[in-house]
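A look at the structure
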Amino acid sequence: MTDAEAKPRRLRGHKATATCCIASRDRPGFVASSGEDGCICWFDLRSKDVQLVTDVGNGPVSSLCFKSGNEDIIYVSSGKEVKSFDVHMPASWRPLESYNYNKEEINQIVCNPKSSFLACADDGGDVKIIDIRQHCLYKSLRAGHSSICSSVQFIPWKPWEVISGGLDSKLVMWDFSKGRPNKIVNFGLPENNGNAGQCYNPAFVHAIAIPDADMLDKTNKICVVAKGDGVVDVINIESELNISRSKSTTKPLKGSQSTSKVNIQDAEMEILDQSGGKRLHLDYSVGGHTAAASCVAFSMFGERGKYLISGGNDKLVKVWDCSRFQGVQTSINNDLLIKNINLNKKVNWLCTTPTESENLVVCDTSKVVKVYSIS
């Protein structure tokens with residue numbers, strides 16, 4: 001493992017804290033960032049200065065995502081609203097569509113691989129699934145979280161499933177076609193925390209990442225969870241779901257409980273016996289974060305999915321070798337962490353680009369976006 005102190009490239013354009021960043025897969029070096037100034041900044045890393053600054057809302061922009069398979073369309077969340085724009089029409093910059101289905105402020109939006117649905121996680125704990133072909137609300141995923149829903153991701157190899165994480169320390173695996181959870185993992189329970197004494201912060205789920213379908217030979221079918229206690233958990237999704245299936249029974253229930261409430265209770269019962277699940281805790285014992293882990297992403301450069309990059313409130317970005325995860329079920333392997341990058345600010349968000357250099361983009365709590373090279 002090496003520590004990196006190299007000076008980053010600085011991308012200027014925002015007038016307030018940068019909140020999110022995304023990198024194009026189809027146009028290497030093309031990056032968009034959002035900020036609390038309500039603007040999106042467009043950068044081409046082959047050029048020196050910001051290409052364009054676009055004002056898209058009256059308030060902070062919380063999240064961005066490209067439309068899968070068509071990066072000419074970008075989705076932007078601000079407050080309770082989601083808008084879509086054509087990136088080739090910056091002069092007029094009028095939204096193509098606008099969605100107002102969330103009742104609370106949105107924290108993250110993500111598009112599914114088939115470009116048919118958009119998931120929106122909000123402060124009320126809900127996840128709204130929007131049909132972006134029919135331009136309507138498809139499903140509301142409620143009662144999975146009792147606090148803020150901070151993150152959501154589609155599962156690429158399961159077209160009707162999403163995973164959400166929240167500040168109730170829960171990770172919820174949903175069948176969004178039915179609107180109910182398949183599995184709930186509660187990191188607030190001692191048996192789900194392999195990090196006794198890690199730090200005093202609760203195990204809130206701040207961010208989750210799931211590998212793309214073409215990364216699975218490097219990563220296996222996993223979900224990575226960045227938590228408030230500083231731990232980055234690596235969970236084998238299939239193992240977790242198989243445990244739920246093996247434990248599930250079809251006993252009739254008496255009484256008049258609502259279906260959604262029964263489903264939530266059944267899913268939470270699965271928490272009681274999860275010993276067969278394959279999990280890896282990337283904590284301080286293997287060089288992990290010493291404060292809350294705030295974001296996590298897989299590498300798009302080189303061998304796609306070979307690296308996992310996490311950022312935290314300890315002002316550090318850590319690069320982990322995913323190829324060494326398989327077969328490791330305890331946090332005693334000190335060869336997993338390969339690089340530390342020291343920052344001056346806490347990390348808000350990060351993403352990777354498919355280029356050989358300048359392939360890590362970081363939004364910290366400043367208004368300047370930083371670009372690093374991971375080799």
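Bear in mind that the values here come from a model prediction, so they are computed numbers and not experimental data.

Structural notes on the overall build of the protein
- Helix and strand counts for the protein stand at 3 helices and 29 strands.
- Counting the 375 residues in the protein, one finds 57% classified as buried.
- Counting contacts in the protein only where the partners sit at least 6 residues apart, residues at least 24 apart contribute 53% of the total.

A closer look at the nonpolar core
- Grouped together as the largest cluster of nonpolar side chains are 20 residues, with contacts concentrated most on Val 224, Val 234, Leu 282, Phe 298, Leu 308, Trp 320 and Phe 325.
- Mapped onto this core, the elements with two or more residues apiece are strand 19 (205-209), strand 20 (222-227), strand 21 (232-236), strand 22 (279-282) and strand 23 (293-298).
- Sequence-distant contacts of Trp 320, that is, excluding residues within four places in its chain, are made with Leu 282, Val 286, Gly 287, Gly 288, Lys 306, Tyr 307, Leu 308, Ser 310, Phe 325, Leu 336 and Leu 337.
- By size, the runner-up hydrophobic cluster in this structure holds 17 residues, among which are Ala 203, Val 205, Ile 210 and Leu 241.

What about the environment of Trp 160?
- Relative to the helices and strands, Trp 160 resides in the loop between strand 15 (149-154) and strand 16 (161-166).
- Since its relative accessible area comes to 39%, Trp 160 is described here as partly exposed.
- Through-space distance from the C-alpha of Trp 160 to that of Lys 178 is 8.8 Å; in sequence the pair is 18 residues apart.
- Residues within four places of Trp 160 in sequence aside, it is in contact with Phe 117, Tyr 138, Trp 174, Asp 175, Phe 176 and Ser 177.

Notes on the sheet that holds strand 10 (residues 97-99)
- In space, the 4 strands of this open sheet follow the order 7-8-9-10, with antiparallel pairing throughout. Since the sheet does not close on itself, it has two edges, and those belong to strand 7 (61-67) and strand 10, each with one partner. Neighbouring strand axes in the sheet, compared pairwise and without regard to direction, differ in orientation by 20 degrees on average.
- Bridge count between strand 9 (residues 81-86) and strand 10: 3 bridges; the pairing is antiparallel.

Describing the pattern of salt bridges
- Under the counting rule described, the total for this entry stands at 18 salt bridges.
- Its salt-bridge partner being Asp 72, residue Arg 27 comes within 3.5 Å of it at the nearest N-O pair. One end of the pair, Arg 27, is in the loop between strand 3 (18-23) and strand 4 (30-35); the other, Asp 72, is in strand 8 (residues 70-78), and 45 residues separate them in sequence.
- Across the pair Asp 214 and Arg 304 runs a salt bridge whose closest N-O atoms are separated by 3.0 Å.

A short note on the pairing of strand 16
- For strand 16, a buried count of 6 out of 6 residues is recorded, marking the element as mostly surrounded by other parts of the structure.
- Every second residue of strand 16 is oriented toward a common face, with Glu 161, Ile 163 and Gly 165 on one face and Val 162, Ser 164 and Gly 166 on the other, all of them buried.
- Here strand 15 folds back onto strand 16 in antiparallel fashion, the turn holding 6 residues.
- Linking two consecutive strands that pair antiparallel, namely strand 16 and strand 17 (residues 170-175), is a turn of 3 residues; a positive phi of about 70 degrees is found at Ser 169 within it.

Re the side chain of Asp 131
- Among the structural elements, Asp 131 can be located in strand 13 (residues 127-131).
- Here Asp 131 is buried and forms no salt bridge, its nearest opposite-charge partner Arg 133 lying at an N-O distance of 6.1 Å.
- Among the polar contacts made by the side chain of Asp 131, one reaches the main-chain amide nitrogen of Gln 134 at a distance of 2.9 Å.
- Beyond its immediate sequence surroundings of up to four residues, Asp 131 is in contact with Ser 116, Phe 117, Cys 136 and Tyr 138.

Observations concerning unusual backbone geometry
- You will see that Ser 115, though not glycine, has its phi angle at about 60 degrees, which is positive.
- The buried category is assigned to Ser 115, whose relative accessible area is 12%.
- Its identity as a non-glycine residue notwithstanding, Asn 220 has a phi of 70 degrees, on the positive side.
- Mapped onto the elements, Asn 220 comes out in the loop between helix 1 (216-219) and strand 20.
- The partly exposed category is assigned to Asn 220, whose relative accessible area is 32%.

Topic: a positive patch on the surface
- There is a patch of like positive charges on the surface, built from Lys 7, Arg 10, Arg 12 and Lys 367.
- If you trace the backbone, Lys 7 turns up in the loop between strand 1 (2-4) and strand 2 (9-11).
- A residue is classified by how much of its surface remains accessible, and Lys 7, at 80% relative accessible area, is exposed.

A closer look at the sheet that holds strand 5 (residues 39-44)
- One open sheet accounts for 4 strands, arranged 3-4-5-6; its pairing is antiparallel. Strands at the two margins of the open sheet, each flanked by one partner only, are strand 3 and strand 6 (52-55). Each neighbouring strand pair of the sheet contributes to a mean axis angle of 20 degrees, computed without reference to strand direction.
- Strand direction decides the pairing type here: strand 5 and strand 6, joined by 4 bridges, are antiparallel.

A word on the layout of surface pockets
- Roughly 980 Å³ of volume is contained in the largest pocket.
- Around the largest pocket, the lining is made up of 40 residues, and of these Arg 25, Val 110, Gln 153, Asp 212 and Met 300 lie nearest the centre.
- Of all the secondary structure elements, the ones that give two or more residues to the lining of the largest pocket are strand 3, strand 7, strand 11 (106-111), strand 15, strand 19, strand 23 and strand 27 (347-352).
- The element that contributes the greatest number of residues to the lining of the largest pocket is strand 7, accounting for 5 residues.
- Its residues placed into classes, the lining of the largest pocket shows 26 nonpolar, 7 polar and 7 charged.

Calculation notes
- The written sequence of each chain sets the order in which its residues are numbered from 1.
- The predicted origin of the model limits local features to residues at a pLDDT of at least 70 and limits the giving and counting of side-chain atom pairs to 80 or more, whereas totals for whole chains, interfaces and linings rest on all residues.
- Heavy atoms throughout the structure, all of them, feed into the side-chain values; hydrogens and water do not.
- Counting from the N terminus, the helices are the DSSP runs of H or I reaching at least four residues and the strands are the DSSP runs of E reaching at least two.
- The buried label goes to any residue with under 20% of its type's maximum accessible area, the exposed label to any with over 50%, and the partly exposed label to all in between, with areas taken from a 1.4 Å probe on protein chains only.
- For this analysis, residues touch if any pair of their heavy atoms sits within 4.5 Å.
- Nine residue types can take part in a nonpolar core, namely buried Ala, Val, Leu, Ile, Met, Phe, Trp, Tyr and Cys, and a core is a set of them joined through side-chain atoms within 4.5 Å.
- For two strands to be treated as a pair, DSSP must find at least two bridges joining them.
- For helices, the axis comes from a line fit to the C-alpha atoms of the stretch in contact; other axes are also lines fit to C-alpha atoms, and the angle between any two N-to-C directions lies between 0 and 180 degrees.
- The rule for a salt bridge is simple: a side-chain nitrogen of Lys or Arg has to be within 4 Å of a carboxyl oxygen of Asp or Glu.
- Positive charges come from Lys and Arg alone, negative charges from Asp and Glu alone, with His and the N- and C-terminal ends not counted.
- Any pair of N or O atoms that falls within 3.5 Å is considered a polar contact. Within protein, one atom must be able to donate a hydrogen and the other to accept it, and sequence-neighbouring residues count only if both atoms are side-chain atoms.
- Each patch is built from residues lacking any salt bridge and having more than 30% relative accessible area; the joining distance is 9 Å for like charges and 5 Å for nonpolar side chains (Val, Leu, Ile, Met, Phe, Trp, Tyr).
- Only the protein chains shown count as cover for residues, and the accessible areas themselves come from Shrake-Rupley with a 1.4 Å probe.
- Throughout, a charge is located at the NZ atom of Lys, the CZ atom of Arg, the CG atom of Asp or the CD atom of Glu.
- Using only the protein atoms, space was sampled on a 1 Å grid; points where a 1.4 Å probe fits but cannot get out form cavities, open sets with protein on both sides within 12 Å along at least five of seven lines form pockets, and lining residues are those with an atom within 4 Å of a point.
- Grid points are joined across faces, edges and corners, and a volume is the space filled by probe spheres set on the points.
- Following the grouping adopted for this structure description, the nonpolar residues are Ala, Val, Leu, Ile, Met, Phe, Trp, Tyr, Cys and Pro, the charged ones are Asp, Glu, Lys and Arg, and the polar ones are all others, Gly among them.

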